[in-house]
Amino acid sequence: MHAGQLQLLHDVTFSIQRGERVGLIGESGSGKSLTALAVMGLLAEGLEASGRVHLAGQGRELVSASEGAMSHIRGNDMAMVFQEPMTALNPTMRVGRQVAEVMTHHGTADRRTARRRAVELLEHVGLPDPAAVARSYPHQLSGGQRQRVVAAIALANDPLLLICDEPTTALDVTVQALVLDLIVTGVEERDAALLFITHDLAVVATVCERVLVMYGGRIVEAGPVTEVLGNPQHRYTQGLVAASDLEGVRKGEGVREGEGVRQGEGVQDREARAPLATIRGNVPPAGRFPEGCVFRNRCDFATAECETLPPWTPRGTHDAGERASGYACFHPVGGESDG
Ligand SMILES: Nc1ncnc2c1ncn2[C@@H]1O[C@H](COP(=O)(O)OP(=O)(O)OP(=O)(O)O)[C@@H](O)[C@H]1O
Ligand code: SF4
Ligand SMILES: [Mg+2]
């Protein structure tokens, strides 16, 4: 994906099966939102996607689809929930009508049915007194209630793919759990695919079965959540896990002091609430990532070899073609340098 001469995403290859919940993690500025927006055909002006996006079962290629075709697909076959619910809601329209309009707009229900289904959906996402909520304007609802309305809108036409970009970051912890639960239940009931973007590894571990780790506009590691977070191979993933507050997922032997990640404490200390480790340095601005391995300037394991692009190494016997599970690192955690 390009912004003028600048390439922001590189060779982002992944697939999500029906009924599968896949997380997308990485530090701020890694390219997570751009990936989602490229799939949805919602890139800002000046940005251009290249490559292919196929929506399951339909065999249709979406990058080359017209805006008209995409606006039909959006909200119908695929839907997205953003971090800030107000951006998705019309402040001047009653909530029930907004939910109903997604159905009438896409022709999935006539006006009367849509209005009835809107109230049912609002009830289904756990809103108390859904008829009253339907008559409300967005500003009359709390942040958590608004995000549930957005989820109801996203699920209204039974999408094949739901993309959530930090959907609960703006909510407090108890409301967060409720919204996560309704998203998971919503996609499960529809056997839909979920792409879930978050910076919170604990949330990924709860919501997702598989995870993609993104850095510098590239997917650097992918695989089942338990393997990637429990036994990371890429040095960047290792750093993310060490910097997270994941209890039980992180293995003490995975990260040693002075290795790749600055770490002022051991696992014992962690239990005594010592400060978390951090990855040294900062995420460079777009276009300033090093050649070769994008993580090279922050990695303590970098060698001359890392000045070339690390190839994708499949993990175990998983499908290498679709990059379902593997990593791109010359000196992985389980490799010789750890021995
Ligand atoms: N329209 C644009 N033109 C140029 N660069 C852009 C544009 N949009 C995003 N970028 C850059 O692309 C990089 C990736 O942005 P993106 O929004 O995908 O990050 P992210 O992983 O979603 O981060 P966060 O966790 O902060 O949401 C950033 O460096 C960002 O500044
Ligand atoms: S390829 Fe090299 S620089 Fe990149 S993460 Fe692996 S060891 Fe570090
Ligand atoms: Mg983002």
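Per an unreviewed UniProt entry, the recorded name for the protein is ABC transporter ATP-binding protein, and the organism is Ornithinimicrobium cryptoxanthini. Quoted verbatim from the Sequence similarities (unreviewed entry) field of UniProt, the annotation for the protein is "Belongs to the ABC transporter superfamily." UniProt's Subcellular location (unreviewed entry) comment on the protein is quoted here verbatim: "Cell membrane".

Positive phi outside glycine occurs at Asp 129, with the angle close to 50 degrees. Within the secondary structure, Asp 129 sits in the loop between α4 (111–124) and α5 (130–135). Residue Asp 129 is classed as exposed on the basis of its relative accessible area of 52%. Unusually for a residue other than glycine, Asp 191 sits at a positive phi of about 55 degrees. Relative to the helices and strands, Asp 191 is located in the loop between α7 (173–190) and β9 (193–197).

This part takes up the pattern of salt bridges. Pairs can form between side chains of opposite charge once their charged atoms are near each other. Considering all chains together, one arrives at 13 salt bridges under this definition. Connected through shared salt-bridge partners, Arg 21, Glu 188 and Glu 209 make up one network.

With respect to the element layout, Arg 21 can be found in strand β3 (residues 21–25). Separated by 2.6 Å, the side chain of Arg 21 and the backbone oxygen of Val 207 make a polar contact. Ignoring anything within four residues of it in the chain, the contact list for Arg 21 reads Val 184, Val 187, Glu 188, Leu 194, Val 207, Cys 208, Glu 209 and Arg 210.

Moving on to the packing of aromatic side chains. This model, assessed by the stated rule, comprises four aromatic pairs. The interplanar angle of 65 degrees and the centroid separation of 5.1 Å between the aromatic rings of Tyr 236 and Phe 295 together place this pair among those described as edge-to-face. Taken together, the positions of Tyr 236 in helix α10 (residues 235–242) and Phe 295 in the loop between α11 (267–271) and β12 (313–314) put the pair 59 residues apart, joining distant regions of the chain. With a relative accessible area of 2%, Phe 295 lands in the buried category. Grouping aromatic residues by their ring pairs yields a cluster made of Tyr 215, Tyr 236, Phe 289 and Phe 295. Sitting above the plane of the Phe 301 ring, Arg 235 keeps its charged end 3.5 Å from the centroid.

Rules and cut-offs
Residues numbered from 1 in each chain as written. Chains lettered and ligands numbered in written order. Predicted model: local features only at pLDDT ≥ 70, side-chain atom pairs only at ≥ 80, totals over all residues. Heavy atoms only, no water. UniProt positions renumbered as here; feature names shortened; annotations may be inferred. Helix = DSSP H or I, 4+ residues; strand = E, 2+ residues; numbered from the N terminus. Buried < 20%, exposed > 50% of the residue type's maximum accessible area, 1.4 Å probe, protein only. Salt bridge = Lys/Arg side-chain N within 4 Å of Asp/Glu carboxyl O. Polar contact = N/O pair within 3.5 Å; in protein donor to acceptor, adjacent residues only side chain to side chain. Contact = heavy atoms within 4.5 Å. Phe/Tyr/Trp six-rings, centres within 6.5 Å; stacked < 30°, edge-to-face > 60°. Lys NZ or Arg CZ within 6 Å of the ring centre and 35° of its normal.

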